Amino acid sequence: MWLKPEEILLKNAFKLWVTEKDNEYFVLQRRRGYGEGGGGLTGLLVGTLDTVLDSTSKVAPYRILHHTPDSQVYWSIACGVTKEEIFQHWDWLQQNIMRTLSVFDSSEDITSFVQGKIRGLIAEEGKTSLVLEDDPEKFREALLRFEKWFELPPEEKLVTYYSCSYWKGKVPCQGWLYLSTNFLCFYSYLLGAEVKLVISWDEMWRLEKTSNVILTESIHVLAHGEDHYFSMLLHLNETFVIMEQLADYSIKRLFDKEAFQRVPALSDPLQITKRYCRSAAQHSLEAHAKSEQFRTFFRLPKEENLLEVHESFLWVPFSHFNTLGKICLSENYLCFASQDGSQCHIIIPMREVKCGISASPQHSASSEVSRSKCRFTLYSSLLFSLWFTVVSGNENDICVCQAIRGECQSLINHFEDNPEDVTLMVGQKDSSKAVSTEALMTVFHPQDVENLDPKMLKEKMKEQSWNIHFSEYGRGTSMFFTRKTRDLIVRGVPEALRGELWMLFSGAVNDMATHPGYYTELVEQSLGTSTLATDEIERDLHRSLPEHPAFQSDTGISALRRVLTAYAYRNPKIGYCQAMNILTSVLLLYAKEEEAFWLLVAVCERMLPDYFNRRIIGALVDQAVFEDLIRENLPQLVEHMTDLSFFSSVSLSWFLTLFISVLPIESAVNVVDCFFYDGIKAILQLGLAVLDYNMDALISCHDDAEAVTILNKFFDSVTNKDSPLPPTVQQASVGNNDKASHINVDISELIREAYEKYGNIRSEEVGSSRKRNKLYVIQTLEDTTKQNVVSELIVINVRFNASQLDELYNLFKRQHFLSCYWTMKSPALLHHDPSLAYLEQYQLGFQQFSVLFSLLEPWAFCTTKSTLSLWVFRLIDENQDGLVNFKEFCCALGTFLCSLLSPNAAFNLSISTVITSFLLGKLFLLSQTQFIQFSKTLYNIFHGDPEEELLYRAVAHVTSLLLRMEEVGRRLQEASSPPESAKPASTTAAEESSTEEASTTPESSDTSSSHNSQDAGPDLSETEWSFSFEQVLASLLNEPAIVSFFERPVDIQAKVGQARCFKVKFTVNSSTSCDLSVFW
């Protein structure tokens, strides 16, 4: 075990200890009397002494000491009872510490680093050895340190923390890594040097595990163009998984604001009841990740959550043996997967369990573990019972089985008591007459039973092979998925079974079974709607497989319109995107209309996540995964074409349309077969096989255009020799004229080759690569968006250059996310509209605007800026929705800073803007209350300035002058004014408007000013008075001190730099998002 470093003297220690191993910095010793040799008389005496002493005084027989070459002081850092234990510590030091110590210059730094690392390991071991919720005090102490060091809001949830080393330059800093819901934080304090690091998860470009000469294994983070390395983590894999989950969760919010609400323990800042329990947020993350993996593997609806997992044996009737795997139980399904996941897995919807669960404990003579069997009898989809043997390796396995049995029985009872919740046969509920109930292929190409040509005979043989498979492995939702199933898929699916198997493999059969009548209701509700999505659908209807007879008739076009419109109505966030029409056309050929709708749901929402949106993020991520696989599997191609971006551009249609847009339809459906069974892995494999097949031609090509031509000719030459479709149905190739010069490639052979060469690609590796590349892809898109926004603002001349706009955009974006992090009803979230232009995607409410504006405004002496910020916010919020976008913000800030950027201006617009802010650009007169508030704002702006006294006198002089002018004007007006009843109605309306506006000002109750009372002039307390914009501006411009103050140059870069270093201090006010409504 690791020990708290303690100094020891070795003057007489070598008489009691024998050195087993040593190096420049560490010594491993064995106590005499232990181990080989016994140690002679000295060893006998030492062993006798250790035996006589009680257990509290005994010394461990092995220890590790730390020392430096130029020091006589040794530090005890580890001890062990067995040789294996101490050697394990020694090996860890060799692998993780020794290489690092070479970078230090002094012995003191080496000793300090080692001591800090050992203390961190002790804390880490103590933390993990505890039951997580038994000792919340440890976590509370860490939380208090976290809040003290980083000064984040109390609503920021700490997920977990670890001891580690952070590499700042070439020297490591030993400290603590804190992972919270929105930030990665690190703190170290050694030898008077403090290191503090805070990185937002959504600012990361890379997050990966790396290793090099000095660091055996570390975590690499790339953010803001800087590389950060964290090493010497006791649980590096666990740490990386949590970091990956938090980063993935945060990065989704860049393009999907609904992600803020997906993990309640992370998104709800009000869940503070368990904030001192380390497991609350971390367990929520782990459960969320496991449920997502569970749903992905078994293709289950998104409502299902993984409740229990138990190791068990399943009696496999077709093989007559027990296979080891895991039972996974969710709300409505019991699933089993063999140990490697490929031998077999099965999905059992509880709605299909016909009878109760019986248990028959048996004891095997060859096993010491009792086994309890849970028997299921399934409704017609399987003709045999399923026997599970739960194995927990201890005496509690019967209790475990009983718990599973209880959960299952409760679900069975629910479905028995509520038969309306059970849909045993898909499509049991009557469909609307407007909905097609037949697959288009059966209507436009019915199979001729009497046709005995070779292709139809081969089709019949395929059907017979599948029927044999069904009789052996079951048919329907509870069929066994085995290696033989994949083999049949690779060989090709019969035309008659394609729709049924697509529904089964995609999981759409479960969606449809649990939502009877849902599609019909959607069709009726969406009928006649007119949106941007429906317009785009109408435009693309006749571009969907136009060569196929089914889409040359109103039957196919109408079905396609209904499916696409219903989905756009169901999921307005996606609506309609190009390529959805091509995919849906193929689905309608082999599936009924309602089935095609649920297949589309499965593809868009589960199998190809984030593919079909405005930014096609999912497709771009998978293209990055594809590039990684090319580097790994096709090194010859990489050597010739170092820039792999070509393959990204040419393969985009492969991923978006599942090769349907580049292959003839009779060949493309075979690819779709594999996709529904293996997911995106099948598309990646086939893409590699296509490049491998054309390797020589691609290496010899001279430019990208030639490579595109080579691939297009190859796709034109791909055929399906077993397709029973007639020539009128088969899709004509674009390059038919040149087809004779190319050898035809059979799609079945190409798919078989893809599985043989690249079938070892694991779905887990693809998932990990997706997460790793998603960070980079989304940040690249964000960077492109920023450049577009900056270019647009430069065109409209917002008085900032490109570099300044770039910095301001980063600050504005950060404030936008801060407003979303800790406020449940943030205006930015409530009013988020993904259809807006990129310029308006990020918006700020008043509170965050006020914080950012106060950091960047040219007058840094004001102590109270809320008044000025409020009126500026009201001025630039043109649509009065309580939000301002980046363009509005830059225009306002540029106006305030125009004295620096436009020195030749005839008069200073900053003063004008201050006045206009209070006038709201609508009123022509500044009322009494508004003028007082305006004067107070000027005093606040001038407070702390070196010429504060002179400026105060100038304001007092302006105030006195204006009041005297008002008095003179009022007397002149009284002498020549008509009777009260003859006043123009417009004047009365203006006064009423001014009075009403003043009454809505939050500060209107405070109408006194100590400075105004000095030179107020005549007593006007009982008379309403007001000033025009021109009067106020002319009076201010008449004071040189005020003019010089507003014309004083401002260093914008310095302001931006200060704002960038500003600490995140944000206090959540639950009423913030609602208060602005009273200001309008």
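Look a little higher up for the structure.
Residues numbered from 1 in each chain as written. Predicted model: local features only at pLDDT ≥ 70, side-chain atom pairs only at ≥ 80, totals over all residues. Heavy atoms only, no water.

K.L.:
What's the story with a negative patch on the surface in this structure? I'm lost.
P.N.:
Taken together, the side chains of D643, D703, D704 and E706 present a region of like negative charge at the surface. If you trace the backbone, D704 turns up in helix α26 (residues 704-716). A relative accessible area of 44% means that D704 is categorised as partly exposed. (Patch = residues over 30% accessible without salt bridge, like charges linked within 9 Å, V, L, I, M, F, W, Y side chains within 5 Å. Areas by Shrake-Rupley, 256 points an atom, 1.4 Å probe, with all protein chains shown as cover. Salt bridge = Lys/Arg side-chain N within 4 Å of Asp/Glu carboxyl O. Lys, Arg positive; Asp, Glu negative; His and termini not counted. Charge placed at Lys NZ, Arg CZ, Asp CG, Glu CD. Helix = DSSP H or I, 4+ residues; strand = E, 2+ residues; numbered from the N terminus. Buried < 20%, exposed > 50% of the residue type's maximum accessible area, 1.4 Å probe, protein only.)

K.L.:
Got a minute to help me understand the packing of helix α17 (residues 554-570) against helix α18 (residues 580-590) in this structure?
P.N.:
Helices that pack against each other are described as a pair by the angle of their axes relative to one another and the distance between those axes. In the contact formed by α17 and α18, the axes pass within 10 Å of each other and the chain directions differ by 125 degrees. Regarding the angle of α17 to α18, the classification is oblique. Between α17 and α18 lies a crossing whose hand is right-handed. Residues A559, L560, V563, L564 and Y567 of α17 lie in contact with α18, whose contacting residues are M580, N581, T584, S585 and L588. Residue composition of the contact of α17 with α18, by class: seven nonpolar, three polar and no charged. (Axes fitted to C-alpha atoms, helices over the stretch in contact; angles between N-to-C directions. Parallel < 35°, antiparallel > 145°, perpendicular 65-115°, else oblique. Left-handed = near helix turned anticlockwise from the far one by under 90°. Contact = heavy atoms within 4.5 Å. Nonpolar A, V, L, I, M, F, W, Y, C, P; charged D, E, K, R; others polar.)

K.L.:
Could you clarify how one ought to interpret the packing of helix α23 (residues 665-678) against helix α24 (residues 680-693) in this entry?
P.N.:
Relative orientation of the contacting elements α23 and α24 amounts to 135 degrees, with a least axis distance of 6 Å. In terms of axis orientation, α23 runs oblique to α24. Here α23 contributes V671, C674, F675 and D678 to the contact with α24, which in turn contributes I680, K681, A682, I683 and L686. Among the residues forming the contact of α23 with α24, the class breakdown is seven nonpolar, no polar and two charged.

K.L.:
Would you take a moment to explain the side chain of K813 for this structure?
P.N.:
Its location among the elements puts K813 in helix α29 (residues 802-821). Looking at K813, its side chain comes within polar contact range of the side chain of E782, at 3.2 Å. (Polar contact = N/O pair within 3.5 Å; in protein donor to acceptor, adjacent residues only side chain to side chain.)

K.L.:
Even after reading the chapter, I still don't get the pairing of strand β5 (residues 74-80), so can you show me in this structure?
P.N.:
Here is the key point about a regular strand: its side chains alternate between the two faces of the sheet. Extensive coverage of β5 is indicated by the burial of six of its seven residues. With four bridges joining them, strand β1 (residues 2-8) and β5 adopt antiparallel strand pairing. Along β5, the bridge assignment pairs E6 with S76. As paired strands, strand β4 (residues 62-66) and β5 are joined by five bridges and run antiparallel to one another. (Pairing = 2+ DSSP bridges.)

K.L.:
Whenever I open this one, the nonpolar core confuses me. Can you help?
P.N.:
Side chains of a nonpolar character, in soluble globular proteins, are inclined to be buried together. Core analysis: the biggest nonpolar cluster contains 131 residues, and F505, M580, F612, F676 and L691 have the highest contact counts within it. Here the element with the most residues in this core is helix α19 (residues 593-607); it accounts for 10 residues. Every residue in contact with L691, bar those within four places of it in the chain, is listed here: F626, I630, L634, L637, F647, W654, L698 and L711. Among the nonpolar cores identified, the runner-up in size contains 73 residues, and W176, Y187, F849 and L938 belong to it. (Core = buried A, V, L, I, M, F, W, Y, C linked by side-chain atoms within 4.5 Å.)

K.L.:
What should I look at first to understand the sheet that holds strand β6 (residues 158-168) in this one?
P.N.:
Adjacent strands of a sheet form backbone hydrogen bonds with each other and so pair up, either parallel or antiparallel. Taken in spatial order, the seven strands line up as β9-β8-β7-β6-β12-β11-β10 in an open sheet, and their pairing is antiparallel. Two strands close off the open sheet at either side, each with one partner strand: β9 (193-200) and β10 (204-210). Within the sheet, the average angular offset between the axes of one strand and its neighbour, ignoring direction, is 30 degrees. Where strand β7 (residues 171-180) meets strand β8 (residues 183-190), four bridges bridge the pair, whose relative direction is antiparallel. The residue bridging Y178 from the neighbouring strand is C185, located in β8. With respect to the sheet, helix α6 (residues 236-252) is in contact with β6, β7, β8, β10 and β11 (218-223), its orientation differing from that of β10 by roughly 160 degrees.

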